[in-house]
Amino acid sequence: MIGLPGITGLTGIGKKRQESTVTDIALRCTGVSKTFGDVVAVEEFDIEVKRGQILALVGPSGCGKTTVLRMVAGLEALDTGRIEIGGELVASSALHTGPDKRSVGIVFQDYALFPHMTVEANVGYGLERQGRTERVAEVLDLVGLEGLGKRLPSELSGGQQQRVALARTLASSPDVLLLDEPFSNLDAGLRERVRAEIREILKAAGTTTLFVTHDQQEALFMGDLVGVQVGGRIEQVDVPERVFHRPATSVVARFMGMADFLPVETLGTRLVTEAGPARAVPGFEPPDGVSLEVMARPDDFVLAPSEEGQGVVVDRVFQGWAYTYEVELDSGLHIHCQMPHLLTIEVGQRVLVNLRRDHPQMFFCEGHAVPEVPRYGHLA
Amino acid sequence: MNGPRVIGEQLPAGPGFSWSPRRFLPHWLRREPLSLWLAAIVVAGAAALPVLYLAVRAAESGDSAIDSIFDGDTAAILWRSIQLIALVTLGSVLIAVPLAWLTVRTDLPFRRAWAVASVLPLAIPSYVGALAFISAFGPKGLLQGWLEGPFGLERLPDLYGLTGATAVLILLSYPYVFLTVRATLWRLEPEMEEASWSLGRSPWQTFRRVTLPLLYPAIGAGALLVALYTLSDFGAVALLQYDTFTRVIFNEYNSAFNRASAAALSLVLLGVAVSLILIEASARRRARYYAGANAARRNRRIVRLGRWRTPATIFSGVVTFLALGIPVFVLVYWLARGVNAGESQLFDWGAAYNSVQYSMAAAVATVIAAVPISILSVRRPGLLSAGLERFSYVGFAMPGIAVGLGLVFFGIRYATGIYQTVYLLVFAYVVLFLPVAVGSIRSSLLQVNPRMEEAAMSLGRSRINAFLTVTVPVIRPGLAAAAIMVFLLTMKELPATLILGPIESRTLATSIWTAAEEAFFARSAAPSLLLILASAAPMTFLVLRERSSN
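Reading guide: rules and limits
- Residues numbered from 1 in each chain as written.
- Chains lettered and ligands numbered in written order.
- Predicted model: local features only at pLDDT ≥ 70, side-chain atom pairs only at ≥ 80, totals over all residues.
- Helix = DSSP H or I, 4+ residues; strand = E, 2+ residues; numbered from the N terminus.
- Buried ≥ 20, exposed ≤ 12 C-beta atoms within 10 Å, placed from the backbone.
- Contact = placed C-beta atoms within 7 Å.
- Nonpolar A, V, L, I, M, F, W, Y, C, P; charged D, E, K, R; others polar.
- Core = buried A, V, L, I, M, F, W, Y, C linked by C-beta atoms within 7 Å.
- Domains from an automatic or database assignment.
- Pairing = 2+ DSSP bridges.
- Axes fitted to C-alpha atoms, helices over the stretch in contact; angles between N-to-C directions.
- pLDDT = per-residue confidence, 0-100.
- Expected span 1.5 Å × (residues − 1).

Our next topic: the overall build of chain B. Across its full length, chain B holds 24 helices and zero strands. A total of 550 residues make up chain B; the buried ones form 48% of that total. The contacts in chain B between residues at least 6 apart in sequence include a share of 81% that link residues at least 24 apart.

A few words on the interface of chain A and chain B. A common way to express how large an interface is: the accessible area buried when the components associate. Chain A puts 20 residues into the contact, and the matching count from chain B is 16 residues. Examining the composition of the side of chain A that touches chain B, we find that three residues originate from one element, strand E6 (residues 104-107) of chain A, more than from any other. Of the residues that constitute the side of chain A that touches chain B, the class distribution is 11 nonpolar, six polar and three charged.

Attention shifts here to the nonpolar core. Counting 270 residues, the largest nonpolar core has Val72 and Leu178 of chain A together with Val177, Ala428 and Val486 of chain B as its most contacted members. With 15 residues, helix H19 (residues 422-446) of chain B is the largest single contributor of residues to this core. Looking at which domains feed residues into this core, each of domain 1 (20-248) and domain 2 (258-370) of chain A supplies at least three. Excluding its chain neighbours within four sequence positions, the residues that come into contact with leucine 178 of chain A are Leu69, Val72, Ala73, Val104, Gly105, Ile106, Val107 and Leu210 of chain A.

Looking now at the sheet that holds strand E17 (residues 322-329) of chain A. All names here are of chain A. Ordered in space as E15-E19-E16-E17-E18, the five strands form an open sheet in which the pairing is antiparallel. Both outer strands of the open sheet, strand E15 (301-305) and strand E18 (334-340), are each paired with one neighbouring strand and no more. On average, each strand axis in the sheet is inclined to that of its neighbour by 40°, with strand direction left out of account. Relative to strand E19 (residues 350-355), strand E16 (residues 311-318) runs antiparallel, the two sharing two bridges.

Moving on to the environment of leucine 162 of chain B. Following the sequence through the fold, leucine 162 of chain B ends up in helix H8 (residues 162-187). Put simply, leucine 162 of chain B and valine 319 of chain B are 157 residues apart on the chain and 20 Å apart in space, counted from C-alpha to C-alpha.

Glancing now at the confidence of the model for chain A. Here chain A averages 87 in pLDDT, and 94% of its residues register 70 or above. Within the model, the stretch residues 1-22 of chain A combines pLDDT values under 50 with 23 contacts to residues more than four positions away or in other chains.

All right, on to helix H5 (residues 158-171) of chain A then. Residue and element names in this part refer to chain A. Between its first and last C-alpha atoms H5 spans 20 Å; for 14 residues at 1.5 Å apiece the expected length is 20 Å, and the two agree. For H5, the full list of buried residues reads Gln161, Gln162, Arg163, Val164, Ala165, Leu166, Ala167, Arg168, Thr169, Leu170 and Ala171. Looking at the buried side of H5, the elements it contacts are E6, helix H3 (119-123), helix H4 (132-142), strand E7 (176-180) and helix H6 (188-205). Looking at the residues trailing H5, positive phi occurs at serine 173, about 40°.

Another aspect to go through is the sheet that holds strand E3 (residues 54-58) of chain A. Residue and element names in this part refer to chain A. Taken in spatial order, the six strands make up an open sheet running E6-E7-E8-E3-E9-E10, and their pairing is mixed. Of all strands in the sheet, those with a lone pairing partner are E6 and strand E10 (233-238), marking the two edges. Across the sheet, the mean angle from the axis of one strand to that of its neighbour is 20°, orientation sign disregarded. With four bridges joining them, E3 and strand E9 (residues 225-230) adopt parallel strand pairing.

Attention shifts here to the environment of glutamate 44 of chain A. Residue and element names in this part refer to chain A. For glutamate 44, the position within the fold is in strand E2 (residues 39-50). With 15 residues separating them in the primary sequence, glutamate 44 and cysteine 29 have C-alpha atoms 9.3 Å apart. Once residues within four sequence positions are removed from consideration, glutamate 44 is found in contact with Gly31, Ser33 and Arg233.

Next up, the structure:
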């Protein structure tokens, strides 16, 4: 954790932004809401995805991300808001273009391959007769399945089925590709390889993609942009590094990885916590009269066994390359610290806990970052 | 298995840890008690008995049996049977597939009511259905009576023969296709159709190229049931005077006393039934990749019928009116007329008592016989258990008349003590309805995680005790459903009861049959209505439960 690598990404995005025109936006959702009965599935949802970009939408299960996907596909009607694809309005409270009339392709979680058709027939299903054979061969080549066209889906492995589903969708060159938890049916070893392959295919095809997952690691890996959705609302959209290191809200911080929040006391310009002084970016001016907290990831702490320490180890989890210790501070607050496995501290041992001082930390006030981090950082 | 035990130090699971003679059996036999295998083998052997004796009887009569198989009459009977099967199957599919789709996937008004009404014709025994149609549309029937006065109409189109048999059997057997297609429609993953839509295909193209092909296996399975039902039907073809195998066999046996010919024709009939099953099985083998549809998770899209709503409702109404309305109306009409005329024999209590008694005996015996085969085929899939299961399916392929005849030959020769007693009759019912019971028990056993029994055993219960305390309570609904279905099928069964029933002991089915043959419509109305009600009540319950679980 050195510096804020996200910053460089930001400048890159900003430059592109200046060049962009309206038609550069492949997918735009504005104020989209959807309720099922009493349940609000999606609320005031806004996103913008540029042509060729991959947006990974991540959130806990039940946060409405699949509903967003289905509304973009046209499989679900929205209540309020607008959806534009390639600059064309396809859904509003007054308009609903059917899924067969939108230039959108969707890859389902369990692929939904047609079991009674060969791979070729599946891939060619959405194509006109004219030039179908050539296009099918081309797309099968793109996904690395050349020679398997005569097989039935049931004769393929999980990873191959996945690529057939992708090929079927890519074949008709949709303006927007939608992926719904596409790796959740693959076992762990295969998953990492397949997602790298798929990212490469998407980038090679230059396809605008909305990708839905509940797995933070997957979102960080796949997305040019990562959108965090919690409780039907977008909490933050930005490049992966910034979403991880500069979360706009404490909800995002907690969702993207283990995070503890320590109350901060301001002593003049010094920011003091129970785990020692915190470090802010230069020029940081703590607001007056509010309760401030500092966010700390497990690797932001240094632990040392000491009878003079201000905490006690209450739990230790061995993770191979490291231990994660749970420490109860004297105030009763529990924090989590990760230390290399070379150092072993027993449960019950008193320890001295300090925040690392080699990089500035993030501060939060009532759940929001201070200074404020924009919700749509990639547009700022 | 008692005494203290430490976690992580449990007895090895699976075979071989106890010192018993089973240790010396092959590995795959050892897992289940030997007695279970023996019981299953006895049951499967017993189920095969009728076929065996048909073959023995035909072989004994030598040339005369072979002559009767290869004479021109057999070919003619075969042709008539095939015509009837083809027409009934086609008609059933054409009625049932649209009805199933309408009641599952559209905004058809009163969908649930139509769904129940579309299944209920299964509750009407074929001889009752035929009887109702004859008394409604036949010569001197209700319709003619009404038309005669005002219009002077003297003749209606002839109901007897192929036309009438086809119409009646379609209306009574289309629910088989309706049920299998409906079940598959509920199970189809909505993603299949959604994927097709998002690939730019219209709803109609999606139906034709994705939904319908995915329904083929269900249509095939339902069509097989319809074809076997038609092939084995005796009541309707006999009353409507269309000479298929069953009617000719019965006449050879009953009137001409030509046993060799009856046995030979029964074997041919059995051959046709087995061919039908093989045709369907090979179609399914090619379609095996259709399987694997998960239960649907989300609400599926309901198709708005728009201006097709009225025609669709009329279609459902006409089918229900013909298949359910007419029989019930006609029977109630005759009952009322009988009551008004002071008919003395409106209801035969003795026959009802016999029917209930036989059916209860058949239900209990069949369920007990079905348990060992069901357990082995679920828990120990393998060559032997699959073979045993096949044998138990004899009754599925074998028309009641053939089972009855086979057991007559067996009874006369080797079991005169039980011939023409209720025991041999119940035995016939067990053979006939074993597949139904095995099917129901099997599917409920499939839902029992075998780990539950293993958990019970690791907690110190014996294998039997674990089965009785863990598995049986879980599969109780399956056992009950099996018993109820066998009970109802037995109540309605006609040909085997006619051939094997104890002399002078009537059942509801045989008394309806006698009354119908002699055109005492009023006398057969009350028992017919009772049979329909008895079958309709649990069927309604089953359909409604299916709905609420979806």
